[in-house]
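# Coordinates in review
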Amino acid sequence: MTTKKPASSAGTVGDDILTVHALVKRHQPDLASRYWPACGAGKDDDRVFEWLRRVNCPDCLDI
Ligand SMILES: [Zn+2]
């Protein structure tokens, strides 16, 4: 299987495990999650989980 897209992270935030966001690194090392949804979904105390899944968040896909 090949893909033309560059490797990037995808994952879910908080209790919503159906919406897969594009994850970007963020720069606050004191926060629990190293990656954060590109669209800004979730709250600071939500956990972010990386998944090997296709991004399906419309906001992230639109960025
Ligand atoms: Zn998103």
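What follows deals with the overall build of the chain. Looking only at helices and strands, the chain features one helix and four strands. Reading the chain from its N terminus to its C terminus gives the helix and strand order β-β-β-β-α. By the burial criterion, 22% of the 63 residues in the chain qualify as buried.

What follows is about the sheet that holds strand β3 (residues 35–37). Here four strands make up an open sheet; going across it, the order is β3-β2-β1-β4 and the pairing antiparallel. On the outer flanks of this sheet lie β3 and β4 (48–51), each paired with one strand and no other. Put simply, the sheet's adjacent strands are angled 50 degrees from each other on average, direction ignored.

Turning next to the nonpolar core. Counting ten residues, the largest nonpolar core consists of Ala 10, Val 13, Val 20, Leu 23, Trp 36, Ala 38, Val 48, Val 55, Cys 57 and Cys 60. Where this core is concerned, the elements lending two or more residues are β1 (9–13) and β2 (16–25). Discounting residues that sit within four places of it in the chain, Ala 38 has contacts with His 21, Ala 22, Val 24, Cys 60 and Ile 63.

Looking at the chain, the pLDDT average stands at 84 and 78% of residues meet or exceed 70. Averaged pLDDT values for the elements of the chain fall to 89 in β3 and rise to 95 in helix α1 (residues 58–62).

Where β1 lies against β2, four bridges are found, and the strand directions are antiparallel. Residue pairing across strands places Ala 10 opposite Ala 22, the latter belonging to β2. The turn linking β1 back onto β2 is made up of two residues, and Gly 14 within it adopts a positive phi angle of 65 degrees. The pairing of β2 with β3 spans three bridges and is antiparallel.

Along the chain, Arg 47 falls in the loop between β3 and β4. Through-space distance from the C-alpha of Arg 47 to that of Tyr 35 is 9.6 Å; in sequence the pair is twelve residues apart.

A separate point is the environment of Arg 53. Mapped onto the elements of the fold, Arg 53 is located in the loop between β4 and α1. Residues Arg 53 and Ser 9 lie 44 residues apart in sequence; the distance between their C-alpha atoms is 8.9 Å. Beyond its immediate stretch of four places on either side in the chain, Arg 53 contacts Ala 10 and Val 20.

Reading guide: rules and limits
Residues numbered from 1 in each chain as written. Predicted model: local features only at pLDDT ≥ 70, side-chain atom pairs only at ≥ 80, totals over all residues. Helix = DSSP H or I, 4+ residues; strand = E, 2+ residues; numbered from the N terminus. Buried ≥ 20, exposed ≤ 12 C-beta atoms within 10 Å, placed from the backbone. Pairing = 2+ DSSP bridges. Axes fitted to C-alpha atoms, helices over the stretch in contact; angles between N-to-C directions. Core = buried A, V, L, I, M, F, W, Y, C linked by C-beta atoms within 7 Å. Contact = placed C-beta atoms within 7 Å. pLDDT = per-residue confidence, 0-100.

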